[in-house]
Amino acid sequence: MLPVHFLTIVLNGDPFIRYHLEVFRQLPFPWHWHVVEGVAELVNDTAWSVAQGGRVPQDLHRDGLSSDGTSAYLDRIAAEETGRVSVHRKPPGVFWRGKLEMVSAPLAAMTEECLLWQVDADELWTVEQITRARRMFLNSPSRTAALYLCYFFVGPSLLLDRLDSYGNHRSYEWLRTWRYRPGDAWQSHEPPRLTRPQPDGSAVDLGAANPFLHEETAAGGLVFQHFAYATREQVAFKEVYYGYDGAVRQWDALQAAGRSVGGGTLALRDFFPWVTDAATVVRAEHALVEPLARPDAEGTWGFVPPARGASTAPAVALLRDSGSAVRRRTLVPGEPPPFPTDLIQSVGVFLLDGAGAVLRASGVLRELRRALPLARITVFATPDAEAALALCPYVNQRVTLPPLKGRAPDDALVSAVRREIGEQFRGAFDLAVNPIRGEDAGFANRLMQDTGALLRLGCRVGRPVRGYYADAFLTHVAATPAGLLGALTTGEPDLAAEVWTSPAGERAAAALLAEGVPARWRCAVGLSAATGSGTLSELCRRLAARGDTVLVLVGEEAAKGAAARIAGETGTACVNAVGRLGFDGLSALLRRCDLFVGTGAPAEDIAAAARLPMVGTGPQQGDPTAEAMEGAIAAWLADHAY
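Rules of the game
Residues numbered from 1 in each chain as written. Predicted model: local features only at pLDDT ≥ 70, side-chain atom pairs only at ≥ 80, totals over all residues. Heavy atoms only, no water. Phe/Tyr/Trp six-rings, centres within 6.5 Å; stacked < 30°, edge-to-face > 60°. Helix = DSSP H or I, 4+ residues; strand = E, 2+ residues; numbered from the N terminus. Buried < 20%, exposed > 50% of the residue type's maximum accessible area, 1.4 Å probe, protein only. Contact = heavy atoms within 4.5 Å. Pairing = 2+ DSSP bridges. Right-handed = clockwise from strand over helix to strand, strands pointing away. Core = buried A, V, L, I, M, F, W, Y, C linked by side-chain atoms within 4.5 Å. Axes fitted to C-alpha atoms, helices over the stretch in contact; angles between N-to-C directions. Left-handed = near helix turned anticlockwise from the far one by under 90°. Nonpolar A, V, L, I, M, F, W, Y, C, P; charged D, E, K, R; others polar. Arc of directions from axis to C-beta.

### So, the packing of aromatic side chains
Thought 1: In total, this model carries 33 aromatic pairs according to the counting rule given.
Thought 2: When the centroid spacing of 6.2 Å and the interplanar angle of 80° are considered together, the rings of Trp174 and Phe224 count as edge-to-face. One end of the pair, Trp174, is in the loop between strand E8 (158-160) and strand E9 (175-180); the other, Phe224, is in strand E14 (residues 223-226), and 50 residues separate them in sequence.
Thought 3: Here Phe224 falls in the buried class, since its relative accessible area comes to 0%.

### Some points on the environment of Val39
Thought 1: Considering the arrangement of structural elements, one finds Val39 in the loop between strand E2 (31-37) and helix H2 (70-80).
Thought 2: Measuring from C-alpha to C-alpha, the distance between Val39 and Val94 comes to 8.2 Å, with 55 residues separating the pair along the chain.
Thought 3: Other than its neighbours up to four places away in sequence, Val39 contacts Leu11, Val56, His61, Gly64, Phe95 and Trp96.

### So, the pairing of E2
Thought 1: The element E2 is largely enclosed, with a buried count of 7 among its 7 residues.
Thought 2: Of the two faces of E2, the one lined by Trp31, Trp33, Val35 and Glu37 and the one lined by His32, His34 and Val36 are each fully buried.
Thought 3: Pairing geometry for strand E1 (residues 4-10) and E2, over 7 bridges, is parallel. Pairing of Leu7 across the sheet is with His34, part of E2.
Thought 4: Relative to strand E3 (residues 85-88), E2 runs parallel, the two sharing 4 bridges. Across the sheet, the residue bridging to Val36 is His88, located in E3.
Thought 5: You can see the chain leave E2, run along H2 and come back into E3, and the turn it takes is right-handed.

### As for the nonpolar core
Thought 1: In this structure, Phe6, Trp33, Val154, Tyr229 and Leu268 are the most contacted members of the largest nonpolar core, which totals 165 residues.
Thought 2: Here this core takes 6 residues from strand E7 (residues 149-155), the largest share from any one element.
Thought 3: Residues within four places of Val154 in sequence aside, it is in contact with Leu159, Leu160, Tyr229, Trp251, Leu254, Gln255, Leu268, Phe272 and Val281.
Thought 4: In this structure, Leu527, Ala563, Ile566 and Met629 belong to the second largest nonpolar core, which totals 25 residues.

### As for the packing of helix H7 (residues 232-241) against helix H8 (residues 247-259)
Thought 1: It is at 8 Å that the axes of H7 and H8 come closest, and there the two elements cross at 145°. Regarding H7 and H8, the two cross each other, and that crossing is right-handed. For the pair H7 and H8, contact is made by Arg232, Val235, Ala236 and Glu239 and by Ala247, Val248, Trp251 and Asp252, respectively.
Thought 2: Along the lines of polarity and charge, the residues of the contact of H7 with H8 split into 5 nonpolar, no polar and 3 charged.

### What to know about helix H17 (residues 535-544)
Thought 1: Along H17, the positions that sit buried rather than exposed are Leu536, Ser537, Leu539, Cys540, Leu543 and Ala544. One face of H17 carries all of its buried residues, which in axial projection span an arc of 160°.
Thought 2: Contacts from the buried residues of H17 go to strand E28 (521-527), strand E29 (549-555), helix H18 (560-570), strand E31 (595-598) and helix H21 (626-639).

Written as structure tokens, this is what we have:
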């Protein structure tokens, strides 16, 4: 069933404490809200504030409880929601022994396995977000916790817009949901650490064991709104309690500057002296964020109805300039998808190793389309892959990049391509995929990050490749392309390669084959410029002598001379297609053959994708003689006779 138990510790939580209950009442599953009210002494997790002047003066509370109307509100809703809202308090005038004691207080009453969800008074979620998060946990029983991003407000209409700085440090913020079992215990509140005892006496930190990553929750639109410094009263409280000297005066200056900032940004450290990093402030409308709470002209705060609440679209803007992922998920075959796929609208696929890479990834492209039928799929590839991609039915857009194989990360052309990718495709993709574990996987992975894609999937490399530590740019890694697809679909993906053709290509192939004599078998022979009068020529003479096999000669333009010699030696048992068909016709021709022997691109790549048996030649065969190859082919034909 997996009910949700919300946990809030609060002192003077008005006005935001009044938001949550109406959201909880709309949830379509069992829930319970534990509110722990009162003053926390400046000990344990919060002892750091004493050194900078933090204190608890008498006017901050009323007999150890709130002095702003929060207590009366909590009494009322606890009476209205008997059995669903519990208020935990100390006796009058008694303080909690730090926030660790506060968050621990409700655990004794939590006697069922559930989701434990910390919701601070000023952290606002929508019904849709809570419901989706619970569904993610239901679908992934092994997940132990969830990390989130937030829109961090520093004024009624001002928020922070930079990741891995104040308000959104992915290294430790924001851990808010845990899969709780009775017996789990809090070890700290700042940062929140919920642990589970083990039979050997050790304890597992649930937040670090197997959490949903920031990128995974953001992909599901699970980015909450944190009104941490939205009101003057909040800032006045923190000035005293945490010892932030001059906080109110500086906050007032920030609000004045924010009114005239327009579409620009302000450095937060210019206003909050306790902030030392590069956090920047923007107006909410320019960040395209609709606040769930807002004051009216008289300063009275109200809440946007949940139906008009925050968009559940991924917070791509927050992750766009985030740099390498802080954590990386290793995809395990058979596990459910780690993030919702229904919100993925645009996918970028990087196949930078030529036509062969595109053909080898044909099954991946097919499975991507099946998993994301409505998504727009864009493939980045090199010029020699253009003909193959032009036939692919699963791709919406093709982007041709110059060949970059072997170039160093600081090469001028590499830098130019990266710059162009960033300018043209920044924020264009919800998901980027590199299914090829080739020599330049690190470069492809770097380009994926340059697009600002929220989720970046690739095969594990585990080592630097030409100056790039390839895995550093990924959010999800797997050992194989099939493992990558586990992030998008349940069940075993079918990665069998396929070859795409057009009616025109099929007609051209049929016309060419009509020139030859009928025979039981068609053996495609791949020729390259290096093919002379040696082993492969001798093999063709032997096969032609069988009388039941037509040779279909295919290969690059430079092999025309060799093809002409072989055709002259084998007569009517040979169809010479070298240089006579484009990629489309060549693909259709090879699909009509029974087996393939020889080498040469692109014929060899097409034959492999068409799943033609490679008989007698290939890397595993070494350098066989014509007699050995003929023997292998004869044995294969005998086994497949009918």
